[in-house]
Amino acid sequence: MEREQLNFALQHCDPEALNRLCRRIENEAQVERIKLPTAQTLLVPVADPINNGSFYGGEVLVTSAITRVNGENGWAMVQDDCPRLADAVALLDAAFAASVCTEAIIALARDGEARRRKQAGFDNARAEATRVEFDLL
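Just so you know, these numbers come straight off a predicted model, no measurement behind them.

Details of the pattern of salt bridges
Argument step 1. Here the structure, examined in full by the defined rule, presents seven salt bridges.
Argument step 2. In this structure, the salt-bridge partner of Arg24 is Glu28, at a minimum N-O distance of 3.2 Å. Of this pair, Arg24 and Glu28 both sit in helix α2 (residues 15-28), separated by four residues, roughly a single helical turn.
Argument step 3. Of the charged contacts in the structure, one is a salt bridge between Glu113 and Arg117, with a shortest N-O distance of 3.7 Å. One end of the pair, Glu113, and the other, Arg117, are both in helix α4 (residues 102-128), four residues apart, so they sit about a helical turn from each other.
Argument step 4. The buried category is assigned to Glu113, whose relative accessible area is 16%.

Re the sheet that holds strand β3 (residues 72-79)
Argument step 1. An order of β1-β2-β3 is seen for the three strands of this open sheet, with the pairing classed as antiparallel. Of all the strands in the sheet, the pair left with one neighbour each is β1 (31-48) and β3. Taken pair by pair, the neighbouring strands of this sheet meet at an average axis angle of 30°, ignoring direction.
Argument step 2. Across eight bridges, strand β2 (residues 53-69) lies against β3 in antiparallel orientation. From the neighbouring strand, Thr67 faces β3, where its bridge partner is Gly74.

Conventions and cut-offs
Residues numbered from 1 in each chain as written. Predicted model: local features only at pLDDT ≥ 70, side-chain atom pairs only at ≥ 80, totals over all residues. Heavy atoms only, no water. Salt bridge = Lys/Arg side-chain N within 4 Å of Asp/Glu carboxyl O. Helix = DSSP H or I, 4+ residues; strand = E, 2+ residues; numbered from the N terminus. Buried < 20%, exposed > 50% of the residue type's maximum accessible area, 1.4 Å probe, protein only. Pairing = 2+ DSSP bridges. Axes fitted to C-alpha atoms, helices over the stretch in contact; angles between N-to-C directions.

If you want it as structure tokens, here you go:
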């Protein structure tokens, strides 16, 4: 798994397993919080297919954090106001860059990706159940 994939995948893993791994890393490595989790808004760019331009369709609330593990910086940005999650993901990103508990981080990220896919399947099935067949009306 590539480092660029960790941020998104780790957001969906089991919170208890995430916290356990963070505590393990904090005990095994030198951890420094560079930027504490901070909620902020981001403008969302939207492509305009008519004139091949773009515009900002709205704002999204996110929480970001930066952490250093053994001299390597890690970063996280998660949707919504989730300071604990942002802090944990930033810690694991930095630990991955510093080669601390790499296999455990990858395993947790793979679990998170599997959980995300399963939830997406449920969400898609729920949305599909609301489909209206207009030719029957």
